[in-house]
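Understanding the architecture of this molecule
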2 protein chains.
Amino acid sequence: MNKYLKIAIEEAYNGLEVGGIPIGSALVLEGKVIGRGHNQRVQKGSAILHGEMAALENAGRLNADEYQRCTLYTTLSPCSMCSGAIILYGIHKVVIGENINFKGEEELLRSRGVILEVIQDLTCINMMSDFITKNPQLWNEDIGLY
Amino acid sequence: MNKYLKIAIEEAYNGLEVGGIPIGSALVLEGKVIGRGHNQRVQKGSAILHGEMAALENAGRLNADEYQRCTLYTTLSPCSMCSGAIILYGIHKVVIGENINFKGEEELLRSRGVILEVIQDLTCINMMSDFITKNPQLWNEDIGLY
């Protein structure tokens, strides 16, 4: 498995272990992980700390040139908010663990020139599918449907 | 002046007073301010706490029905990230202080059914214009251009 997607999955499991929503991300600049994080809805009562947002926040303030050379690895297809952040900062490429359980704003991202690679990784698919089956209400809250 | 836009402006000034980027927001549910905040790039080294995001975070976890009855007041036109968050949560209406110094994703928001009202409030325009003139680098960093 891609070693950076593996870090995103580790982050997702870090969340799951404490009762959180298992979505994790890693921001990688030229081979170096400069930010990583996972969804914090349950843990911090956060409406904005999705996995991707948590990784961006963890990376701290970067300049445009740095963002534009980054690849963001995430276990699940990015929602509107996270896609908007990717567009704002001009992140070059997003590697998506899976988009079967949820397909976010992939068309919008592509239309803005972001390169997407969808892995359909079985660990990501099963982790999310299992979580959604057991926690439909929490999951729907996270994507604005409940 | 609209009393909720006034709260967003107060938030922007709260940021400005401590050396931050003067953009503030208020989330209003049926006449009640349930979240308010301002840009925290300087204060918290945050890449994600724009004014709108800070107000959403301050409101805490809401359900979809609540978000859909909310109006978000913000001193400046929402960037891609904040617009994505507005779309994610299905916020009904956004009242924008001004879009002269920066025009965000207004077309995208409208295309997704969000009602926009642009005030072109002189306090908002002058506050932002003055800040950008004095801090071009910081401002460009905030919108992913530096």
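Residues numbered from 1 in each chain as written. Chains lettered and ligands numbered in written order. Predicted model: local features only at pLDDT ≥ 70, side-chain atom pairs only at ≥ 80, totals over all residues. Heavy atoms only, no water.

1. Topic: the overall build of chain A
What counts here: In this description a helix means any DSSP run of H or I spanning at least four residues, a strand means any run of E spanning at least two, and both kinds are numbered starting from the N terminus. Just to be clear, the radius of gyration here is over C-alpha atoms, and the globule rule we use is 2.2 Å times residues to the power 0.38. Residues are treated as being in contact if the distance between any of their heavy atoms lies within 4.5 Å. Note on areas: Shrake-Rupley, 1.4 Å probe, and residue coverage restricted to the protein chains presented here. Positive charges come from Lys and Arg alone, negative charges from Asp and Glu alone, with His and the N- and C-terminal ends not counted. Charged groups are reduced to one reference atom each: NZ for lysine, CZ for arginine, CG for aspartic acid, CD for glutamic acid.
Within chain A, the secondary structure is distributed over eight helices and five strands. Its helices and strands in sequence order give chain A the pattern α-β-β-α-α-α-β-α-β-α-β-α-α, from N to C terminus. Over its C-alpha atoms chain A spans a radius of gyration of 14 Å, differing by no more than 12% from the 15 Å that the globule rule assigns to 146 residues. Considering only intrachain contacts with a sequence separation of at least 6, the fraction spanning at least 24 residues in chain A is 54%. As displayed, chain A has an accessible area near 5800 Å², and 47% of this comes from carbon and sulfur atoms. Across chain A, the centroid of the 13 positively charged side chains sits 4 Å from that of the 17 negatively charged ones.

2. So, the nonpolar core
Worth spelling out the cut-off: Among buried residues, those of type Ala, Val, Leu, Ile, Met, Phe, Trp, Tyr and Cys that are joined through side-chain atoms within 4.5 Å constitute a nonpolar core. Classification of residues uses two cut-offs on accessible area relative to the type maximum, computed with a 1.4 Å probe and protein chains only: under 20% is buried, over 50% is exposed, and between them is partly exposed.
Membership of the largest hydrophobic core comes to 78 residues, with the highest contact counts inside it found for Ile-91 of chain A together with Ile-91 of chain B. Contact partners of Ile-91 of chain A, with chain neighbours within four places excluded, come to Leu-27, Leu-56, Tyr-67, Cys-70, Leu-72, Ile-86 and Val-114 of chain A.

3. A short note on unusual backbone geometry
Phi at Glu-30 of chain A takes a positive value of approximately 45 degrees, unusual for a residue other than glycine. By the secondary structure assignment, Glu-30 of chain A is in the loop between β1 (24–29) and β2 (32–38). Residue classification places Glu-30 of chain A among the exposed positions, given a relative accessible area of 60%. Even without a glycine there, the phi angle at Gln-120 of chain B is positive, about 55 degrees. Secondary-structure assignment places Gln-120 of chain B in the loop between β5 (115–118) and α7 (122–134).

4. Observations concerning the relation of the copies chain A and chain B
To be explicit about the condition: We place the copies in one frame by least squares, fitting the C-alpha atoms of every residue whose pLDDT is at least 70 in both.
Overlaying chain A with chain B gives an RMSD of 0.0 Å, the required rotation being 180 degrees about an axis along which the chain moves by 0.0 Å. Expressed as a symmetry operation, the mapping of one chain copy onto the other fits a two-fold axis. Distance from the rotation axis, computed per C-alpha, reaches its smallest value in chain A at Gly-84 of chain A: 2.4 Å. Of all interface residues in chain A, 100% are interface residues in chain B too; the two copies therefore contact each other through one and the same surface.

5. Examining the confidence of the model for chain A
Worth spelling out the cut-off: pLDDT is a residue-level measure of predictor confidence that goes from 0 to 100.
For chain A, mean pLDDT is 97; residues scoring 70 or higher make up 100% of the total. Taken over the whole predicted complex, pTM reads 0.98, whereas the ipTM for its chain interfaces reads 0.97.

6. A word on helix α3 (residues 51–59) of chain A
Residues and elements named next belong to chain A. Counting buried positions over the nine residues of α3 gives seven, a clear majority of the element. Every buried residue belonging to α3 is among Gly-51, Glu-52, Met-53, Ala-54, Ala-55, Leu-56 and Ala-59, and all of these are buried. Just downstream of α3 lies Gly-60, where phi reads positive at about 75 degrees.

7. Some thoughts on the packing of helix α1 (residues 3–17) of chain A against helix α7 (residues 122–134) of chain A
Residues and elements named next belong to chain A. As a reminder of what qualifies: Inter-axis angles, ranging from 0 to 180 degrees, are taken between N-to-C directions of lines fitted to C-alpha atoms, where helices are fitted over the stretch in contact. Oblique is the label for any angle not covered by the other classes, which are roughly parallel (under 35 degrees), roughly antiparallel (over 145) and roughly perpendicular (65 to 115). With the far helix as reference, a near helix turned anticlockwise by less than a right angle produces a left-handed crossing, and one turned clockwise produces a right-handed crossing. Note on residue classes: Ala, Val, Leu, Ile, Met, Phe, Trp, Tyr, Cys and Pro are nonpolar, Asp, Glu, Lys and Arg are charged, and everything else, Gly too, is polar.
Contact geometry for α1 and α7: axes closest at 11 Å, N-to-C directions at 20 degrees. When the axes of α1 and α7 are compared, the pair comes out roughly parallel. Of the two elements, α1 crosses α7, and the hand of that crossing is left-handed. Contact residues: Leu-5, Ile-9, Ala-12, Tyr-13 and Leu-16 in α1; Thr-123, Cys-124, Met-127 and Phe-131 in α7. Class assignment for the residues of the contact of α1 with α7 results in eight nonpolar, one polar and no charged.

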